[in-house]
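A structural walkthrough
Residues per chain, in single letters:
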Amino acid sequence: MAVLTWIKSKKAFLKIQEGIGDNLLREDKDNGYIDYVLWSTFRPLDIDLDGELEMECIDSGMLMSKEPMSARGSTPDCYYDAFRTPYDESDVIELMEDGV
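Everything in this summary refers to the structure shown in the same document. Please read all numbers here as calculations on a predicted model, not as lab measurements. (Residues numbered from 1 in each chain as written. Predicted model: local features only at pLDDT ≥ 70, side-chain atom pairs only at ≥ 80, totals over all residues. Heavy atoms only, no water.)

For helix 2 (residues 75-83), the complete set of buried residues consists of Thr75, Cys78, Tyr79, Ala82 and Phe83. Around the axis of helix 2, the buried residues are gathered within 105 degrees of arc, so they sit on the same side. Looking at the packing, one finds that the buried side of helix 2 touches strand 1 (2-7), strand 2 (12-18), strand 3 (35-44), strand 4 (55-65) and strand 5 (92-98). Positioned one or two residues after helix 2, Arg84 has a phi angle of 55 degrees, which is positive. (Buried < 20%, exposed > 50% of the residue type's maximum accessible area, 1.4 Å probe, protein only. Helix = DSSP H or I, 4+ residues; strand = E, 2+ residues; numbered from the N terminus. Arc of directions from axis to C-beta. Contact = heavy atoms within 4.5 Å.)

With that settled, consider the environment of Glu89. Structurally, Glu89 is set in the loop between helix 2 and strand 5. C-alpha separation for the pair Glu89 and Ile7, spaced 82 residues apart in sequence, amounts to 9.6 Å.

It is worth spelling out the nonpolar core at this point. Among the nonpolar cores identified, the biggest contains 14 residues, and Leu14, Ile16, Trp39 and Cys78 are the most heavily contacted of them. Looking at this core, the elements that each hand over two or more residues are strand 1, strand 2, strand 3 and helix 2. Sorting elements by how many residues they give to this core places helix 2 first, with four residues. Excluding its chain neighbours within four sequence positions, the residues that come into contact with Ile16 are Met1, Ala2, Val3, Val37, Leu38, Trp39, Ala71, Ser74, Thr75 and Cys78. (Core = buried A, V, L, I, M, F, W, Y, C linked by side-chain atoms within 4.5 Å.)

Strands sit in the order 4-3-2-1-5 across an open sheet of five strands; the sheet is antiparallel. The open sheet has two edge strands with one neighbour each: strand 4 and strand 5. On average, each strand axis in the sheet is inclined to that of its neighbour by 20 degrees, with strand direction left out of account. Here strand 1 pairs with strand 2 via six bridges, running antiparallel. Bridging from a neighbouring strand, Leu4 pairs with Lys15 of strand 2. Across the face of the sheet, helix 2 comes into contact with strand 1, strand 2, strand 3, strand 4 and strand 5 while running at roughly 55 degrees to strand 3. (Pairing = 2+ DSSP bridges. Axes fitted to C-alpha atoms, helices over the stretch in contact; angles between N-to-C directions.)

Turning our eyes to something else, we now look at the packing of aromatic side chains. Applying the stated rule across the entire model yields three aromatic pairs. Residues Trp6 and Phe13 carry aromatic rings whose centres are separated by 4.8 Å and whose planes lie at 65 degrees to one another, so their mutual orientation is edge-to-face. Judged by relative accessible area, Trp6 falls into the partly exposed class, the value being 22%. Phe13 sits in the buried class, given a relative accessible area of 16%. Through a chain of ring-to-ring contacts, three or more aromatic side chains come together here, namely Tyr79, Phe83 and Tyr87. In this structure, Lys66 packs its charged tip against the face of Tyr33, placed 5.2 Å from the ring centre. (Phe/Tyr/Trp six-rings, centres within 6.5 Å; stacked < 30°, edge-to-face > 60°. Lys NZ or Arg CZ within 6 Å of the ring centre and 35° of its normal.)

Spelled out as structure tokens, the structure:
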């Protein structure tokens, strides 16, 4: 499953997708990590044009957990990881959820 949100204060998209296990290293598993999510932030380069909307990838990361994770449930932690600001629910608009 994946979630796409718009972060109003940053004028950026935050995409969070659940991991499928490929990114956990043996040492991660040995340390008790069982799940992860991947997040990416994007910003449109120019919206004043017809056709394809080009995006600039700002940053990306991975959050690991010793408990099962969901894309939607990880939004506050990914928000903080991406923007280094405390999560503000009023700053986030969920645009789309995929894979439900």
